[in-house]
Number of protein chains: 2
Amino acid sequence: MLAEIIAVGSELLTPYRQDTNSLYLTAGLNELGVTVAFKTIVGDQREHLASSVEIALTRADIVLLSGGLGPTEDDLTRECVAQALHLPLERDQLLLDELQQRFSARNLQMTENNRRQADHIHGSTILPNRNGSAPGQWLEVTFNGRRRLVALLPGPPAELQPIFDSECKPRLAAALPPNHLARRQLRMTLIPESHVDARSAPIYKRFSDVQTTILAGNAEIQLHFSCVKPTLAEAEARVEAVADAVSREMGDDVFSWSGESLEEVVLLMLGVRHHTLAVAESCTGGLIGQRLTSIPNSSRVFLGGAIAYSNRSKTALADVPSYLIDEHGTVSEAVARALAEGIRRRIGSSLALSVTGIAGPGTPGGRDAQKPVGLVYLALTDGKETQVKELNIHGSRERIRLWAAQHALEMLRRRLL
Amino acid sequence: MLAEIIAVGSELLTPYRQDTNSLYLTAGLNELGVTVAFKTIVGDQREHLASSVEIALTRADIVLLSGGLGPTEDDLTRECVAQALHLPLERDQLLLDELQQRFSARNLQMTENNRRQADHIHGSTILPNRNGSAPGQWLEVTFNGRRRLVALLPGPPAELQPIFDSECKPRLAAALPPNHLARRQLRMTLIPESHVDARSAPIYKRFSDVQTTILAGNAEIQLHFSCVKPTLAEAEARVEAVADAVSREMGDDVFSWSGESLEEVVLLMLGVRHHTLAVAESCTGGLIGQRLTSIPNSSRVFLGGAIAYSNRSKTALADVPSYLIDEHGTVSEAVARALAEGIRRRIGSSLALSVTGIAGPGTPGGRDAQKPVGLVYLALTDGKETQVKELNIHGSRERIRLWAAQHALEMLRRRLL
């Protein structure tokens, strides 16, 4: 069974935007044992879109479309799929009423163009969209004598994903032979990709029925293992075996075995060890706090902290003595230490982490004027002992901030091992 | 002139990897006045690739292929383009010698499969690759009576980009009428896309020579205008005219005219008005600080603030009286107000912004236990007057945090108008 994914939208043919829905859809299709053979990205032109749908129906058993279901005149997916299948479009009164209610509930006027979202292709099943106004559509059709499964899905990922999961996957599973995919993922940070590959390749190459992919980016290395078997138990056993073997080789470098992010792992470990955490962030400006608080229930262990960007805020929020700043500069071991110790006392957490550094050329004055861009100090304290780490990170402002935050979280993780 | 970009490689059809070369190629093509009409992503299967090339040659004037030029048996781009064009492949002795030298210089044995990198399509121009072993190829051919420009480029971006810039762009420019592209961009936030479209479409539709794209996402609406003309001045005049006209219609809703982000605009306005800013973030946990400090030189106006996640941190960092929390709950108008006023006094900024809200189900206790997920209070103070805003944001934890931060920055921007 081959699938084609068509991403619709002229914005996806500009240098600014990229189709990302297809990655999510591919993962779901692979789980069902379906291979994606083609992806097409096409703009909001009637002719181009209709012919792309026709080509896809010719060469793929399953065709998933994302985007082009909105209210504007550019939204042509409904029309074009109907045209390619030689089926009429029908306006659904129930959908129209629902749309009307949606707008009324928000005290908004429903403009005429919104009515188009109530059009569906004759014979299609409407796939309700709880997170947006345009529903999806599901079709099982015969095209040139061949059976085709077709889904029209809205473009916004928050709308597409739940519809695909709850409406399309069960329908696909029912139509396909039983196939089960198991995945495992190992994540490491702050090590070169080539080192990970050199150490793990001799192991994973022994598992010829497991597909291994190494991804590197954002200061992380991910090893993805996947395997398809007639039963889930068989597939699971294989990916587990390879993940265990590689994991033994990599030891403590592996921070995650099931896809958790570094911040999730750190929060988990803090909870298990009955610790609480505060942070004082200078050059990262809230990035570490933002990452930790993006995780549900982080408030059980993460108490808060200071965005200690200016000298005054370092003193006012984390009690850093101003003579320390005058003497050593804000980007110094002494200030990193004082930030961590000060914020811990102030917030009353058991542990505290601080970051101070130079993320880009610009404003540092005083003692910091001669220090290089990329110089970062981290400190981690439990009130009795304070560890300090000096880093020299190269690259852009964004990269320096990202790597500084990553080093800080990794320092904390290793402390908690 | 329409172009199609074909990205070749089975790894691009997995859930983990994405074609990014096409963004770079699209920017270059657009500069020459060429629109990308289709992107196709296809794996390393002979039949699939050859038929994709044929389809592209049928519907596009310019076909750029990336990937599939390496030495392995999976690398089929040369063969498949030759097949689609009914042209023979020829082994180039000069290229073969160069390859041989490359290997000798590194003390490596050249394996047989590497010889395939010396194959070129009859009539093609070889495009030298300084950063890798597989050269590109350039073809100007007639396909079904129509002129077609075709380039085969290696997959690694570090190889593809210099070849495209130095070898393909001059050839494309010579083959195309003189064309210049101008772009303009208007950005708005927190308004429904359909409203922006309803108000702006009657205007931008009068400019039939300007291409308009509406992008919505992350609580933002972007209107992109682009126009291609024989001279840059003409193109600039057209995009400026449409941007001005739409901008007049949308009024203060437009926060950016040249692509600046909301945080950049806010920092700029704070600077112009000689203001400084502090923040106290509860449910956004550092997100606003992180966004502001991601901008170079933000320290001139952004002084820092509190990640006031726990009750204790609200009191310890922003002097929120604990009786207020007991009486009203942390997610309340009173606490939002106290957070903003407290952090302003503590940091000594002229303005301060606070956010407190419920980003997800979980930990709120006391007075907050009955409050709905998505309830958020913002406060903005200048020390004399404090504005407070209540929001009800629906959706995921991530969405609630993003929209809360966006509302806070927009509240500040409107205050500074």
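Rules and cut-offs
- Residues numbered from 1 in each chain as written.
- Chains lettered and ligands numbered in written order.
- Predicted model: local features only at pLDDT ≥ 70, side-chain atom pairs only at ≥ 80, totals over all residues.
- Heavy atoms only, no water.
- Helix = DSSP H or I, 4+ residues; strand = E, 2+ residues; numbered from the N terminus.
- Buried < 20%, exposed > 50% of the residue type's maximum accessible area, 1.4 Å probe, protein only.
- Areas by Shrake-Rupley, 256 points an atom, 1.4 Å probe, with all protein chains shown as cover.
- Lys, Arg positive; Asp, Glu negative; His and termini not counted.
- Charge placed at Lys NZ, Arg CZ, Asp CG, Glu CD.
- Polar contact = N/O pair within 3.5 Å; in protein donor to acceptor, adjacent residues only side chain to side chain.
- Contact = heavy atoms within 4.5 Å.
- 1 Å grid on protein atoms, 1.4 Å probe; cavity = no way out; pocket = protein on both sides within 12 Å on 5 of 7 lines; lining within 4 Å.
- Points joined across faces, edges and corners; volume = space filled by probe spheres on them.
- Nonpolar A, V, L, I, M, F, W, Y, C, P; charged D, E, K, R; others polar.
- Axes fitted to C-alpha atoms, helices over the stretch in contact; angles between N-to-C directions.
- Parallel < 35°, antiparallel > 145°, perpendicular 65-115°, else oblique.
- Left-handed = near helix turned anticlockwise from the far one by under 90°.
- Pairing = 2+ DSSP bridges.
- Domains from an automatic or database assignment.
- Buried area = accessible area lost by both parts, 1.4 Å probe.
- Salt bridge = Lys/Arg side-chain N within 4 Å of Asp/Glu carboxyl O.
- Phe/Tyr/Trp six-rings, centres within 6.5 Å; stacked < 30°, edge-to-face > 60°.
- Lys NZ or Arg CZ within 6 Å of the ring centre and 35° of its normal.

Attention shifts here to the overall build of chain A. Along its length, chain A carries 13 helices and 17 strands. Each principal axis of the C-alpha distribution contributes one length, and for chain A these read about 80 × 60 × 40 Å. Of all 417 residues assigned to chain A, the portion counted as buried reaches 59%. With an accessible surface of roughly 16,900 Å², chain A has 48% of that area assigned to carbon and sulfur atoms. Distance between charge centres in chain A, computed from 44 positive and 48 negative side chains, equals 5 Å.

With that out of the way, let us pick up the side chain of Asn-129 of chain A. Residue and element names in this part refer to chain A. On the secondary structure map, Asn-129 appears in the loop between β6 (125-127) and β7 (136-143). Taking relative accessible area as the criterion, Asn-129 reaches 12% and is therefore assigned buried. There is a polar contact of 3.0 Å between the side chain of Asn-129 and the backbone nitrogen of Asn-131. Among the polar contacts made by the side chain of Asn-129, one reaches the main-chain amide nitrogen of Gly-132 at a distance of 3.1 Å. When near neighbours in sequence (up to four residues on either side) are disregarded, Asn-129 contacts Ala-134, Pro-135, Pro-154, Glu-159 and Ile-163.

A separate point is helix α8 (residues 262-272) of chain A. The periodicity of an α-helix, 3.6 residues per turn, causes residues three or four positions apart to be oriented the same way. What α8 of chain A keeps buried is the set Leu-262, Glu-263, Val-265, Val-266, Leu-267, Met-269 and Leu-270 of chain A. Directly beyond the C-terminal end of α8 of chain A, a positive phi value near 55° is found at His-274 of chain A.

With that out of the way, let us pick up empty space enclosed by the protein. Applying the stated criterion across every chain, the model contains one cavity of 30 Å³ or more. If you add up the space inside the largest cavity, you get close to 70 Å³. Around the largest cavity sit Gln-18, Asp-19, Ser-22, Lys-39 and Ile-41 of chain A together with Leu-12, Gln-18, Asp-19, Lys-39 and Ile-41 of chain B, which together line it. Of all the secondary structure elements, the ones that give two or more residues to the lining of the largest cavity are β2 (35-42) of chain A together with β2 (35-42) of chain B. Taken together, the residues of the lining of the largest cavity break down into three nonpolar, three polar and four charged.

Take the layout of surface pockets next. All names here are of chain A. Roughly 990 Å³ of internal volume is contained in the second largest pocket. In this structure, the second largest pocket is lined by 25 residues; those nearest its centre are Asn-218, Glu-220, Glu-263, Arg-291 and Leu-402. Top contributing element to the lining of the second largest pocket by residue count: helix α13 (residues 397-416), with six residues. Residues of the lining of the second largest pocket, tallied by class, amount to six nonpolar, 10 polar and nine charged.

This brings us to the packing of helix α2 (residues 46-59) of chain A against helix α2 (residues 46-59) of chain B. Packing of α2 of chain A against α2 of chain B brings their axes to within 13 Å, and their N-to-C directions diverge by 160°. Regarding the angle of α2 of chain A to α2 of chain B, the classification is roughly antiparallel. With respect to the hand of their crossing, α2 of chain A and α2 of chain B are arranged in right-handed fashion. Contacts between α2 of chain A and α2 of chain B involve Ser-52, Ile-55 and Arg-59 of chain A from the former and Ser-52, Ile-55 and Arg-59 of chain B from the latter. Split by residue class, the contact of α2 of chain A with α2 of chain B holds two nonpolar, two polar and two charged.

In this section: the sheet that holds strand β17 (residues 386-392) of chain B. Taking strand neighbours across the sheet as the criterion, the 10 strands line up as β17(A)-β16(A)-β15(A)-β13(A)-β14(A)-β14(B)-β13(B)-β15(B)-β16(B)-β17(B) in an open arrangement whose pairing is mixed. The sheet is open, and its two edges are formed by β17 (386-392) of chain A together with β17 of chain B, each paired on a single side. Looking at each pair of strands side by side, their axes are set apart by 15° on average, direction ignored. Of the strand pairs in this sheet, strand β13 (residues 277-281) of chain B and strand β15 (residues 351-357) of chain B are connected by five bridges, and their pairing is parallel. Opposite Val-279 of chain B, over in β15 of chain B, you have Leu-353 of chain B as the bridge partner. Packing of helix α12 (residues 333-347) of chain B onto the sheet brings it into contact with β13, β14 (302-307), β15, β16 (375-381) and β17 of chain B, and relative to β15 of chain B it is tilted by some 145°.

Residue and element names in this part refer to chain A. Its domain assignment divides chain A into domain 1 (2-175), domain 2 (180-256) and domain 3 (262-416). A separation of 32 Å is found between the C-alpha centroids of domain 2 and domain 3. A combined buried area of about 870 Å² lies between domain 2 and domain 3, and 62% of that area is made up of carbon and sulfur atoms. Connecting domain 2 to domain 3 are one salt bridge. The salt bridge involving Arg-414 is made with Asp-253; its shortest N-O contact spans 2.9 Å.

Glancing now at the pattern of salt bridges. Tallied over the entire structure, the rule returns 46 salt bridges over all chains. Of the charged contacts in the structure, one is a salt bridge between Asp-253 of chain B and Arg-199 of chain B, with a shortest N-O distance of 3.3 Å. On the criterion of sequence distance, the pair formed by Asp-253 of chain B in the loop between α7 (232-250) and β12 (254-256) and Arg-199 of chain B in helix α6 (residues 193-204) is long-range, its members being 54 residues apart. According to the relative accessible area criterion, Arg-199 of chain B is partly exposed, its value standing at 31%. The shortest N-O distance in the salt bridge between Glu-410 of chain B and Arg-413 of chain B comes to 2.9 Å. With a gap of three residues between them, Glu-410 of chain B and Arg-413 of chain B both fall in helix α13 (residues 397-416), about one helical turn apart. Residue classification places Glu-410 of chain B among the buried residues on the basis of a relative accessible area of 5%. The class of Arg-413 of chain B is buried, set by a relative accessible area of 2%. One network of salt bridges, in which partners are shared, links Arg-199, Glu-249, Asp-253, Glu-410, Arg-413 and Arg-414 of chain A.

Turning next to the interface of chain A and chain B. Accessible area lost during the coming together of the parts is what is often quoted as the interface size. Listed as interface residues are 82 residues of chain A and, on the opposing side, 76 residues of chain B. At the boundary of chain A with chain B, total buried surface from both sides reaches about 6,300 Å², with 56% on carbon and sulfur atoms. Between chain A and chain B we count one salt bridge in total. A salt bridge links Glu-73 of chain A to Lys-205 of chain B, with the nearest nitrogen and oxygen atoms 3.3 Å apart. Taken together, chain A and chain B are joined by 34 residue pairs in polar contact (both at pLDDT 80 or more). Per element, the largest residue contribution to the side of chain A that touches chain B is seven residues, and it comes from β2 of chain A.

What follows covers the pairing of β15 of chain B. Counting buried positions over the seven residues of β15 of chain B gives seven, a clear majority of the element. Here β15 of chain B shows two buried faces, one formed by Leu-351, Leu-353, Val-355 and Gly-357 of chain B and the other by Ala-352, Ser-354 and Thr-356 of chain B.

Now for unusual backbone geometry. Phi is positive for His-86 of chain A, close to 55°, though the residue is something other than glycine. Tracing the chain through its elements places His-86 of chain A in the loop between α3 (77-85) and β4 (89-91). Look at Asn-218 of chain B: it is not a glycine, yet its phi comes out positive at around 50°.

Another point: the sheet that holds β2 of chain B. Strand order in the open sheet formed by 12 strands is β6(A)-β7(A)-β8(A)-β3(A)-β1(A)-β2(A)-β2(B)-β1(B)-β3(B)-β8(B)-β7(B)-β6(B), with mixed pairing between adjacent strands. The open sheet is flanked by β6 of chain A together with β6 (125-127) of chain B, the only strands paired with a single partner. On average, each strand axis in the sheet is inclined to that of its neighbour by 20°, with strand direction left out of account. Bridge analysis of β7 of chain A against strand β8 (residues 146-153) of chain A gives seven bridges, and the strand direction is antiparallel. In the sheet register, Leu-139 of chain A faces β8 of chain A, and the bridge partner there is Val-150 of chain A. The strands touched by α2 of chain A within the sheet are β1 (2-8), β2, β3 (62-66), β7 and β8 of chain A together with β1 (2-8) and β2 of chain B, with β1 of chain A carrying the most contacts at an inclination of about 170°. Where helix α5 (residues 157-175) of chain B meets the sheet, it contacts β3 (62-66), β6, β7 (136-143) and β8 (146-153) of chain B, and its direction lies at approximately 165° from that of β8 of chain B.

Here is the key point about a regular strand: its side chains alternate between the two faces of the sheet. Residue and element names in this part refer to chain B. Buried residues dominate β8, accounting for six of its eight residues. Of the strand pairs in this sheet, β3 and β8 are connected by five bridges, and their pairing is parallel. From the neighbouring strand, Leu-65 faces β8, where its bridge partner is Leu-152.

The next thing to look at is the packing of aromatic side chains. Applying the stated criterion across every chain, the model contains three aromatic pairs over all chains. Look at Tyr-309 of chain A and Phe-302 of chain B: their rings are 5.9 Å apart centre to centre, the planes differ by 45°, and that puts the pair in the tilted class. Taken together, the residues span two chains, with Tyr-309 of chain A in the loop between β14 (302-307) and α10 (311-318) and Phe-302 of chain B in strand β14. Taken individually, Tyr-309 of chain A and Phe-302 of chain B each receive the classification buried, so the pair is uniform in this respect. It is Arg-59 of chain A that lies over the ring of Phe-38 of chain A; its NZ or CZ is 3.8 Å from the centre.

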